[in-house]
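Descriptive analysis of the structure
So the chains spell out like this:
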Amino acid sequence: AQSVTQLGSHVSVSEGALVLLRCNYSSSVPPYLFWYVQYPNQGLQLLLKYTSAATLVKGINGFEAEFKKSETSFHLTKPSAHMSDAAEYFCAVSGEGNTPLVFGKGTRLSVIA
Amino acid sequence: DSGVTQTPKHLITATGQRVTLRCSPRSGDLSVYWYQQSLDQGLQFLIQYYNGEERAKGNILERFSAQQFPDLHSELNLSSLELGDSALYFCASSVGGSYSYEQYFGPGTRLTVT
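Read on for a plain summary of the structure.

About the cut-offs
Residues numbered from 1 in each chain as written. Chains lettered and ligands numbered in written order. Predicted model: local features only at pLDDT ≥ 70, side-chain atom pairs only at ≥ 80, totals over all residues. Heavy atoms only, no water. Core = buried A, V, L, I, M, F, W, Y, C linked by side-chain atoms within 4.5 Å. Buried < 20%, exposed > 50% of the residue type's maximum accessible area, 1.4 Å probe, protein only. Contact = heavy atoms within 4.5 Å. Pairing = 2+ DSSP bridges. Helix = DSSP H or I, 4+ residues; strand = E, 2+ residues; numbered from the N terminus. Axes fitted to C-alpha atoms, helices over the stretch in contact; angles between N-to-C directions. Buried area = accessible area lost by both parts, 1.4 Å probe. Salt bridge = Lys/Arg side-chain N within 4 Å of Asp/Glu carboxyl O. Disulfide = S-S within 2.5 Å.

We now examine the nonpolar core. Ranked by size, the top nonpolar core spans 27 residues in total, and within it Trp35, Phe74, Leu76 and Tyr89 of chain A carry the most contacts. Beyond its immediate stretch of four places on either side in the chain, Tyr89 of chain A contacts Gln6, Leu21, Trp35, Tyr36, Val37, Leu47, Phe63, Leu76, Gly106, Thr107 and Leu109 of chain A.

What follows is the structure, given as structure tokens:
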């Protein structure tokens, strides 16, 4: 069965520093991969998705993610953190047999001024 | 604003009761998904409807049921409620039935069972 592991339930960075949120997945077939962001008291908003086109995917708000099949990873990065990036981030995968999305446990990003 | 609407925003009810959560998808979207988000279980897929038909089922309890109506809005019915059913319930929609399509999430309904 497919699964997603997000390393680090809480990541704290300084404003202007690099943001790196880690996501590893398991799937026996090329997956669809997504990153979502959830601000307090709101629903999830799609940041970006990977569907087997380019391995480097650019999303909204300056975020991007790189699909690495050999490492089964889809880490999310942003060169320079803003205070407004503070939120919960979820990685999700749909793999074998076009199955429903499986979400990771989430990583809470804090940005320190 | 994702274009997906959910009502009510908050719901407080007692154990043993039944509630109905409502979702209106984005204009043009045919698929509706229901998710449950809780601190201990995280975000769990419950069920998907596509153009009125059930497409996929996840970790949905037998006490829960859903349907999608001809106008494509959907309702999630939760019955014989237990304290453990307290959670955020999200609806999402997408234009197609495949999971390669982006899913757009509503703001959620926070259910509190007392």
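Residue and element names in this part refer to chain A. Taken in spatial order, the five strands make up an open sheet running 1-3-8-7-6, and their pairing is antiparallel. One side of each edge strand has no neighbouring strand; the edge strands of this open sheet are strand 1 (3-7) and strand 6 (56-58). Pairs of neighbouring strands in the sheet enclose a mean axial angle of 20 degrees, with direction left out of account. Where strand 7 (residues 64-68) lies against strand 8 (residues 73-78), five bridges are found, and the strand directions are antiparallel. Residue Ala65 lies in a different strand from strand 8, and its bridge partner there is Leu76.

The subject of this paragraph is the interface of chain B and chain A. Listed by partner, the interface residues are 17 residues for chain B and 18 residues for chain A. At the boundary of chain B with chain A, total buried surface from both sides reaches about 1500 Å², with 58% on carbon and sulfur atoms. Viewed at the interface, chain A and chain B are joined by one salt bridge. Glu102 of chain B is the partner of Lys49 of chain A in a salt bridge, and the nearest nitrogen-oxygen pair spans 3.2 Å. Of all elements in the fold, only strand 4 (31-38) and strand 5 (42-50) of chain B reach the threshold of two or more residues within the side of chain B that touches chain A.

Right, let's get into the state of the cysteines. All names here are of chain B. The tally for this structure, following the rule as stated, stands at two disulfides over all chains. One disulfide in the model links Cys23 with Cys91; its S-S distance is 1.8 Å. Classification of the bridge connecting Cys23 and Cys91 rests on its S-S torsion, roughly -45 degrees, and on that basis the disulfide is left-handed. Highlighted residues: Cys23 in strand 3 (residues 19-24) and Cys91 in strand 9 (residues 87-94), separated in sequence by 68 residues. In terms of burial, Cys23 and Cys91 fall into one category: buried.

This paragraph deals with the sheet that holds strand 8 (residues 74-78) of chain B. Residues and elements named next belong to chain B. Strand order in the open sheet formed by four strands is 1-3-8-7, with antiparallel pairing between adjacent strands. Looking along the sheet, the strands with just one partner apiece sit at the ends: strand 1 (5-7) and strand 7 (64-68). The sheet shows a mean angle of 15 degrees between the axes of neighbouring strands, direction not considered. In the sheet, strand 3 pairs with strand 8 via five bridges, with the strands oriented antiparallel. If you follow Cys23 over to strand 8, its bridge partner there is Ser74.

Right, let's talk about the environment of Pro100 of chain A for a bit. Structurally, Pro100 of chain A is set in the loop between strand 9 (87-94) and strand 10 (102-103). Through-space distance from the C-alpha of Pro100 of chain A to that of Thr5 of chain A is 16 Å; in sequence the pair is 95 residues apart.

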